[in-house]
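# Structural description and commentary
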Amino acid sequence: MTTSTPAPHPLAPLSEQEIVTAAAAVRAYHEFADGSVFVFTSLREPGKPAIDEYERDSRLPPREASVVLYDGSQRLIIEAAVSLADGKVFSWRSVPGARPKASRREWETAAEAVKADPRWLGALSRRGVTDVSHVEVQPWPPGYTDSGDAATGRRLAKALAWVGLSEADNTFARPVENVVATIDLDTLTVLDVEDHGLVPLPPRAGNYAPELASDPGNFPVLAGLRDDVRPIEITQPEGPSFGLDGHELRWQRWRLVVGYTPREGLVLHRVRYHDQGRERSVLHRASLSEMWVPYGDPAPVHRVKAVFDESEAGLGALANPLQLGCDCLGEIRYLDAVVNGDDGEPRRVTNAICIHEEDTGVAWKHTHAQTGSAEVRRGRRLVISSFATVGNYDYGFFWYLHTDGTIGYEIKLTGIISTGAVAGGTQPAHGTVVAPGLYGPNHQHFFNVRLDMAVDGTANSVYEVDAVPSPPGPGNPAGNAWVARELPLEREASAQRLADTAAGRHWLIVNESVLSGHGRPVGYQLLPGPSTLPPLQPDAPALLRAQFATRHLWVTAYDPAELYAAGDYPYQHPGGAGLPAYASANRPVRDTDIVVWHTFAAHHVVRPEDWPVMPVTTAGFQLRPFGFFDASPALDLPRPAAHCHTAGETA
Ligand SMILES: [Cu+2]
């Protein structure tokens, strides 16, 4: 008897075997240069018509891989496409001038080169550090390079350092202030070591694991762990309410495909809602398109920090393997992430994606005045999440699907702040002291999410909705009147918008050819969270690369090749790529296939309470149905228990 593996969904990420096939095909190609590094290997996603066809008659489109390679000998990025059925390259093109992220090998070798450099060893020795075995050298993508750096055309990294006294120490407690090593990533040589002057290493350790944090030399000294936290157990005796078939996920009325790429991490595909027998689409594809973390401190080691964590670090490949009872509670289903290594071969991150349900408290309730009867329902959400560690920071990426039709996205920021050393008793102008001689510079985390909307079909429009007072006069005798003014965004040049909390501003994504029972186009609201802007000078090099962060909302015409808010290759890019370039053609965005891009930020004036490990802070947004349904889609939620609607007693 033979068993056959069912074919994966056309949008399921590449399997281990497919990554092996793609790597072999690329290596066998006549133009492949030995020693080339595999930057990103991912599914070459089929187009929308092919997916529509698959959903109609199960016809499978061909599986293809997209491979980004870097040939260091020529300093050239190559984009290849591979047919997985026959293991053949069918497209091969170079991208002159573009630079990739550092590979793991480059990163490690660069750090070793710095640790062996006499100029750098001299700088550490001047700070009293002669044993560098526990010094953590971090080569950072350069957020800022001077004109001399730029003129060389080299691919650079700027190495910063932190001193641990033991292997397990939190090295970020002892930053080496004012020392920056510049590395050529292609030759893996140290070009230069700057020492801008001595600032003593902070005196205290900053450990957070209880075994180390109780040491009197630590800051703070942990007196002991709480012993009054009683267990909370989440049990679902009948199992979860969702079903997972490969990467296809069904929960309540929702259907979707869970995707994953080594660059973006989690991707949601084909998010649909079963509404009274009809399957209705909301999103074609939702992904984190870029992250950018600029530091607002002019000091030499801090002005280089402005990392595009998704493209310059390879966010998806940095996913944590998760553990039951630790990262997620309850009835969990996991999906592994399979990403490429530098050598093109697959690397499996077990349990990288956690899928579970959460009780969200009261979904709706009312107590009837006459009968005293209370109807109450509990809300629930499906959580699809992953965590990635990017150097000192840890980021959680959480998609939520709710029982009332809402889609939420939340980033959880935790881990360890990037630190600087400051002379004792000094208050730094651009940061906050968090421990003796140690401070956290002001910074921000910008996120851009690409929402390829498909509200009841492909042709969508976006309206900006503001609360606008009605003019005084006979139509507004009490002066109380206001309207929710809906302004359509017509073309890309004008579809670059800022949030306005005072006006209650949000955006409404509608399908103008599908009317609800109330005669309005069906829609979803994009509700921004708290928003900010980068307070950088307009010509700051880092900001030129991150123009996406200067607007909270962009709408562009759909182009499957336009996936990243700061462009395909932000590393040392002179600027203008990504959204400004995508929108430069000023294409119409009304009643057509559009992509909505939302920028939001975690604005981080570091708190002393963020040391030694930062309690989770969040940033995100919601997509909420607005006239997508004719009435509450949560009306049919079941009563939590039989006694819940009987009248209680008020004494
Ligand atoms: Cu932060």
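You'll find the structure just up there.
Residues numbered from 1 in each chain as written. Predicted model: local features only at pLDDT ≥ 70, side-chain atom pairs only at ≥ 80, totals over all residues. Heavy atoms only, no water.

## Description of the coordination of the copper ion
Within the protein, the atoms that donate to the copper ion are Tyr393 (OH), His443 (NE2), His445 (NE2) and His604 (ND1), at distances of 1.8 to 2.0 Å. One can describe the donor arrangement at the copper ion as irregular, given that its four donor atoms subtend angles of 93 to 144° at the metal. Summarised as a motif, the one-chain spacing of the donors to the copper ion is Y-x49-H-x1-H-x158-H. Taken together, the positions of histidine 443 in strand S23 (residues 443-453) and histidine 604 in strand S30 (residues 592-604) put the pair 161 residues apart, joining distant regions of the chain. There is no split in this pair, since histidine 443 and histidine 604 are both buried. (Donors = N, O, S within 2.8 Å, 3.2 Å for Na, K, Ca; no water. Tetrahedral: all angles 85-135°; square planar, octahedral: opposite > 155°, others 65-115°. Helix = DSSP H or I, 4+ residues; strand = E, 2+ residues; numbered from the N terminus. Buried < 20%, exposed > 50% of the residue type's maximum accessible area, 1.4 Å probe, protein only.)

## Focus on the layout of surface pockets
In this structure, the largest pocket occupies an estimated 1100 Å³ of space. The wall of the largest pocket is formed by 44 residues, among which Arg104, Trp107, Leu318, Thr389 and Gly391 lie closest to the centre. The set of elements that each furnish at least two residues to the lining of the largest pocket consists of strand S1 (37-43), helix H3 (104-115), strand S5 (135-140), helix H7 (309-313), strand S15 (333-340), strand S16 (346-367), strand S17 (374-390) and strand S18 (393-402). In terms of residue count, the dominant contributor to the lining of the largest pocket is S5 (five residues). Counted by class, the lining of the largest pocket contains 25 nonpolar, 11 polar and eight charged residues. In this structure, the second largest pocket encloses a volume near 850 Å³. Looking at the second largest pocket, it is lined by 31 residues, and the ones nearest its centre are Arg44, Ser66, Pro560, Ala561 and Leu563. When contributions to the lining of the second largest pocket are tallied by element, the ones reaching two or more residues are S1, strand S2 (64-71), strand S3 (76-83), strand S4 (88-95), strand S13 (278-294) and S23. (1 Å grid on protein atoms, 1.4 Å probe; cavity = no way out; pocket = protein on both sides within 12 Å on 5 of 7 lines; lining within 4 Å. Points joined across faces, edges and corners; volume = space filled by probe spheres on them. Nonpolar A, V, L, I, M, F, W, Y, C, P; charged D, E, K, R; others polar.)

## A short note on the pairing of strand S29 (residues 553-557)
The element S29 is largely enclosed, with a buried count of five among its five residues. The two faces of S29 match: Leu553, Val555 and Ala557 on one face and Trp554 and Thr556 on the other face are all buried. Where strand S26 (residues 496-497) meets S29, two bridges bridge the pair, whose relative direction is antiparallel. Bridge pairing in S29 places arginine 497 opposite leucine 553. Pairing of S29 with S30 involves five bridges; the strand directions are antiparallel. (Pairing = 2+ DSSP bridges.)

## A closer look at the nonpolar core
Of all hydrophobic cores here, the largest spans 82 residues; its most connected members are Ile384, Tyr395, Trp399, Leu451 and Leu623. Counting 24 residues, the second largest nonpolar core, distinct from the first, contains Ala102, Ala111, Ala123 and Val132. (Core = buried A, V, L, I, M, F, W, Y, C linked by side-chain atoms within 4.5 Å.)

## A look at the sheet that holds strand S22 (residues 438-441)
Read from one edge to the other, the open sheet built from three strands follows the order S20-S22-S21, with strand pairing classed as antiparallel. Both outer strands of the open sheet, strand S20 (420-421) and strand S21 (431-435), are each paired with one neighbouring strand and no more. In terms of strand pairing, S20 meets S22 through two bridges, oriented antiparallel. What sits directly across from alanine 421, in S22, is leucine 438.

## Some thoughts on the pattern of salt bridges
Applying the stated criterion to the full structure yields 49 salt bridges. In this structure, arginine 155 and aspartate 186 form a salt bridge, with 2.9 Å as the shortest nitrogen-oxygen distance. Of the two residues, arginine 155 sits in the loop between helix H5 (147-152) and strand S6 (156-163) while aspartate 186 sits in the loop between strand S7 (179-184) and strand S8 (189-195), which places them 31 residues apart along the sequence. Among the ionic pairs, arginine 278 bridges to aspartate 275, the shortest N-O distance being 3.7 Å. (Salt bridge = Lys/Arg side-chain N within 4 Å of Asp/Glu carboxyl O.)

## Focus: the side chain of threonine 414
Relative to the assigned elements, threonine 414 resides in strand S19 (residues 407-415). In this structure threonine 414 touches Phe387, Tyr393, Asp394, Met614 and Val616, once residues within four positions along its chain are discounted. (Contact = heavy atoms within 4.5 Å.)

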